[in-house]
Amino acid sequence: MCHTFPALTSDRSSRICSLLYKHGSSMASNSSGSDSSDRQRIAQQRLSVIAGHLQRPVEGNSGILAAECKAQGDKLDVSSERRTVPRRRQEIMKWNGWGYSDSKFLYNKKGQAEFTGKRYRLSGMIIPGLREWMESTFGANLQHKTPAAPILNSSAVQPPTLNEAFLKELKSTGIPFSHDAEDRVFRSHGHCLHEIFALREGKIGRVPDLVVWPNCHNDVVKIVELACKHNVCLMPYGGGTSVSSALECPPEETRSIVSLDTSQMNRILWIDEKNLTAHVEAGIVGQDLERLLNESGYCTGHEPDSMEFSSLGGWVATRASGMKKNIYGNIEDLVVHIKMVTPQGVIEKSCQGPRMSTGPDVHHFIMGSEGTLGVVTEVTMKIRPMPEYQKYGSVVFPNFEMGVACLREVARQRCAPASIRLMDNEQFKFGHALKPQVSSIFTSFLDGLKKFYITKFKGFDPNRLCVATLLFEGDREKVLQHEKQVYDIAAKFGGLAAGEDNGQRGYMLTFVIAYLRDLGMDYYVIGESFETSVPWDRVLDICRNVKARIVRECKDKGVQFPPLSTCRVTQTYDAGACVYFYFAFNYRGLSDPVHVYEQVEHAAREEILANGGSLSHHHGVGKLRKEWMRETISSVGMGMLKSVKDYVDPNNIFGNRNLL
Amino acid sequence: MASEAVYSHRDPMLKKRDDFEDILEERRNSSDLRYALKCYTPVLYKGLTPCKVSELKQMVLQSDQLGYVITQVSKEKGMTTDEVTGEAAAILEEMAQRLQLSTVRFFAFTLSKVFKTLFRSICVNEEGLQRLQQAIHNHPVVLLPSHRSYMDFLLMSYILYTYDLALPVIAAGMDFMGMKVVGEMLRMSGAFFIRRSFGGDKLYWAVFSEYVKIMLKNGYAPVEFFLEGTRSRTAKSLTPKLGLLNIVMDPFLKGEVFDISLVPVSISYERTLEEALYARELLGVPKPKESTSGLFKARKILSEDYGSIHVYFGQPVSVRSLAESRVNRSQFNLIPRHIPTRPSEEILSFVNDSAYRLVRAQEENMVLKPWVLLAFVLLQKQAAEDKQGTALDELTEQAVWLRDLSRHYGAFLHWPDHIPPSEVVSSSLSLHRGLVRISEGRVQLALEQVGGQQVPGETRSAITPEEELLNQAVVILSCVSYRNQALNIFIRPALLASAIHTAASNRKQEIYNGFSFLRNMFSNEFILCPGATVQDFEEACYLLVKTGALQINQQEVLITERGHRTLAFLTSVLDPFLQGYQVVCRFLCEEDCLTEKQFIPAVRKFIIKHLLTGRLRYIEVLSSDLQKNALAALIRLGAVQKIKGGEEQGTLKLNKVMLNSLEDTLGKK
């Protein structure tokens, strides 16, 4: 079976690999012999899919070794050693933009857009349509550049306010820490527009005074004890992908702020194949978790768009949602057991029963607590055997209304594929602009033919049509059957199947779209996405009204160019859907573009709430959306949360001031 | 906040208004037939999904809203849903418009002929029409014209056709349905018919509101209706009716459209076609039922000169901006939107405030003719029992004085400044020669002449003093209907002037209290936005101080030397109303048992008696409009209680103590 893991090279991995093989065969002994070869095929397929999403270089495996955590040394660590996230994140990631340092969009000497690096399918490719799209959509111009500050100027960072007594005791525990300026700046922000914009301008506000890297649960217990003892403010840090200002240091905080970086707590501690669960340290990032589980033939199926960088603990703390929740569920459906360290001690349940009637579920105080109550250290999660077969697909609808009607019907029949997403017309065009250069004349001829068929023959208006992307998963026969069912429903709403390529490209874009914002920011274009959830009967209304509100607010606030205001329906539920809005504009001529941006986003959120949308589907509240919490959950609801906070953390050790 | 704009202290004189263009001029110079057959391609709503009249009906019948009510009604009445749906379809059939271009073209042709005979000009502000076109393109539009004449909605459609704008669908009262042919013609030109009262009928309400909402939401056509609900017989704006406004705002409040544009339209007639008709109606001669033959009798109207019409399309008002920071739209999040719910207090008060705002916007852009000012002078003289009439030059002097005053107060006065005032006056008088008599250079109201216009078969000699009084009253009330056109300009200063007049001291607080009392008393009579007492007081003070009539400091209000004339005039503006309300109070004090139905005839008899004995000065208090408003005010204030239900349904319970004290307060001079 080892040969199916070409990505793994070290001796240690091979050993584990064989270990896993045994696991696999012992399982297989219960069933027919063909299963093990099936499993191999599945694993292979799955890996190629993941590799497709996230093509990573095989070599350069410089992840540091997990420090031995004595307390857990005797436990079985089933995971391989390769890590994505080093302690010094700056070694592989941008300090003032999204993602890996080696991957970014740029305009080459010929003025063509290009995506650098080797990690992604799009890497190294020319994207011929992007420039024209940017110019026509935003009125952007290659002549008008707004370059970012190239390097972090450490002198702009405030010297740390250190709590010497705390530091002294921390040293004695041997837990690694740092007060290096770069380390601190890295953990002072998420990826909200205003945060990245400020970094690009070299502006740095309040940053944590110290970063600590616990290696295991017990390290966290020690750190929290010391923090309580010395009244130090702790801010848990997972993957740093927050878009709710949750990682912003409260400027009014006078205590020493310690960023508790969980990235080194990244092991899968055990896999229980009988119950299909895995016990995992909460600092693990999504791509590592999936990769490591895949090695054992399993997956969690939890794939938020940020899964390359976001961490398990972060998902729990923000009530995350994954693209394939239709099969696997959202984080609250996936979690079986949580261990969290709070100032009052450790909270965890005594058993792993699949459902309990023991009063309000205490997990729900933890999920969505956004780092205000403690640090999630270990989580037991459901796992599933990797799917045998995966198939992308897409459907073109004559207009957005028909598309939404189709999604609603799919939800009504409860036959949603692993993922189904509906993009509006603007986003369809945007997706088109991101098509890489085609190598053969034949492909472009086919594209032309398809376009002709849809617009001329079927009479779809190119300015109204929209597209749904689909992802099916499961065993082959069922997938094909399922696919037919969904396409039949789509046909009732005027939908035409538009091929696997379009679908696959749609999902690939979710990983690179975040990189695209950095390109925009190089040319006076700023933007962001935000989301909501809304009952079915309101989906069309909310989409129309929020998009129109954005356009109007931009005009009122003096934005000189028409903004990009677009949306997509990204999740379906029995009673409603999740809607994502993308909003970007060219800010040339504005003196305070970020302020304008924030005003517009604020207005858009007001509009969402007025139209029956929720404050957030999965991004969380953080500090960005705090002001609407009371009207969202009522004063009594606020009091409930407040009283939990008061009991668990009376001295506000976990003082990031999110949520409440 | 949006609503503050109305009360802003910007100088009303500086109000920017568009210029007018006469649309009849072109009609006089080119072929009406070619005009009626011209190419008509209006700009439509950008979100329009085109649909036919029949599809529209299907959409209504299949809507969730109606479906819900049908199920409800079928359960309540024990009928099958099919039967109830059948009923709903019948209601819809009776209601629905059948707008078709050919009928509109027919009207375009005939109305061109009629308008050219009746009117000297029809002036419209073209900039307003451009704004309207933009509004129609961007959002669903509601047209809200003022309502002074049957002509109003034909005129509206005529203008929109002329300017190649989308033709509206118009909410019309069912009374038109009586006119067989005409009713159907109107239907085909976009009118849809609603019953005057259908209070308890759930099904009717559901069909009606859904029908209007669907036409509006889909951008099928601009929806037109009259905020005042009916034609104002007095030329004063009527207290707005909220039902339809509530319906058209609902799609915005529930998030079904991004915004809705409300466009107030002010239509002012130099001479109203229904002038004497209204006066008779107010005096108790019931209005003739609308009938086709009746309309043909009206042909004699065709031989007269009705001057000009001014139609001003106001600034579109965005419902979204009206609702901003006023309405919490998330209140609709918790109940499915297709389930009919009673609007909350918050919504009701929002709709009410918006309605007042819109009526005020209509008032603001009403064009006033010089005759309106002459009516003030002539009526005041008449009431002063000046039998000789007014000398022409004196009349001119007074009119010029009033012209300047009204302009300071922001009146949209069309006084041709390039013509000597005396000519302006005499040409106005000649247009309204039916109402005035000029002899030996002196002008007075033609009170005696009226008897001359006899109806055949009636004998001259049989005239009683009472009949003579009523004949005089017809002229007076006709004249009053012109004077009333400018009342909204003077009402706030007039309330202040009366408050100053009755106050025992110069203390500002006391005067404010008096103002507040009067404003409250008369809020059924004039358009006074609820809850805006302070703003109205400040506006009145501002205007009177600005024109130098008053000096106001922290504590005191002082009348200046030159202010006496202004204050005397303003006090006299309110006088007839004070006297009218006072006499209604007196009447009620002397009554023991009275039903609502008996009220008007009885109070009329009481007033006639007092007029004939000379105890009342103002003949205009005979107006049933004033009497009804007074009763409504007294009910609102709790001096009279209307008994609902039971044996004594409609009986008025009178609080004598309160009525007495109100009478005293009103009569305090």
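In the nomenclature of an unreviewed UniProt entry, chain B corresponds to Glyceronephosphate O-acyltransferase from the organism Haplochromis burtoni. According to the UniProt record, the Pathway (unreviewed entry) comment for chain B reads "Phospholipid metabolism."

An unreviewed UniProt entry lists chain A under the name Alkylglycerone-phosphate synthase, with Haplochromis burtoni given as the organism. In UniProt, chain A has this text filed under Subcellular location (unreviewed entry): "Peroxisome membrane". The annotation that UniProt attaches to chain A under Cofactor (unreviewed entry) is "FAD".

Draft legend 1. Expanded view of the pairing of strand β3 (residues 141-145) of chain B. Residue and element names in this part refer to chain B. Of all five residues in β3, five are buried, a share of seventy percent or more. Of the two faces of β3, both are covered, the one formed by V141, L143 and P145 as well as the one formed by V142 and L144. Pairing between β3 and strand β6 (residues 223-224): two bridges, direction parallel. Counterpart to V142 in the pairing with β6 is V223.

Draft legend 2. Focus on the sheet that holds strand β2 (residues 113-115) of chain A. Strand order in the open sheet formed by three strands is β1-β2-β3 (chain A), with antiparallel pairing between adjacent strands. Strands at the two margins of the open sheet, each flanked by one partner only, are β1 (105-107) and β3 (126-127) of chain A.

Draft legend 3. Geometry of the domain arrangement of chain B. All names here are of chain B. Its domain assignment divides chain B into domain 1 (51-292 + 299-365), domain 2 (370-446) and domain 3 (484-667). Between the C-alpha centres of domain 1 and domain 2 there is a distance of 36 Å. Counting from both sides, the interface comprises 10 residues of domain 1 and, opposite them, five residues of domain 2. Across the interface of domain 1 and domain 2, roughly 620 Å² is buried in total on both sides, 63% from carbon and sulfur atoms. Per-residue buried area on domain 1 facing domain 2 is highest for E270, R271 and E275; these three make up 47% of the total on that side. There are one residue pair in polar contact (both at pLDDT 80 or more) connecting domain 1 and domain 2. The class makeup of the residues in the side of domain 1 that touches domain 2 is one nonpolar, three polar and six charged.

Draft legend 4. Representation of the packing of aromatic side chains in the model. A complete count under the given rule lists 40 aromatic pairs over all chains for this structure. Plain terms: the ring middles of W133 of chain A and F138 of chain A are 5.5 Å apart, the flat faces sit at 90° to each other, and that makes the pair edge-to-face. For the pair shown, W133 of chain A and F138 of chain A are each scored as buried. Among the aromatic residues, those joined into a ring-pair cluster are Y35, Y40, F115, F119, Y158 and Y161 of chain B. One residue, R476 of chain A, lies across the ring of Y389 of chain A, its end atom 5.3 Å from the ring centre. Positioned above the aromatic ring of Y150 of chain B, the side-chain terminus of R231 of chain B is 3.7 Å from the ring centre.

What counts, and at which threshold
Residues numbered from 1 in each chain as written. Chains lettered and ligands numbered in written order. Predicted model: local features only at pLDDT ≥ 70, side-chain atom pairs only at ≥ 80, totals over all residues. Heavy atoms only, no water. UniProt positions renumbered as here; feature names shortened; annotations may be inferred. Buried < 20%, exposed > 50% of the residue type's maximum accessible area, 1.4 Å probe, protein only. Helix = DSSP H or I, 4+ residues; strand = E, 2+ residues; numbered from the N terminus. Pairing = 2+ DSSP bridges. Domains from an automatic or database assignment. Contact = heavy atoms within 4.5 Å. Buried area = accessible area lost by both parts, 1.4 Å probe. Polar contact = N/O pair within 3.5 Å; in protein donor to acceptor, adjacent residues only side chain to side chain. Nonpolar A, V, L, I, M, F, W, Y, C, P; charged D, E, K, R; others polar. Phe/Tyr/Trp six-rings, centres within 6.5 Å; stacked < 30°, edge-to-face > 60°. Lys NZ or Arg CZ within 6 Å of the ring centre and 35° of its normal.

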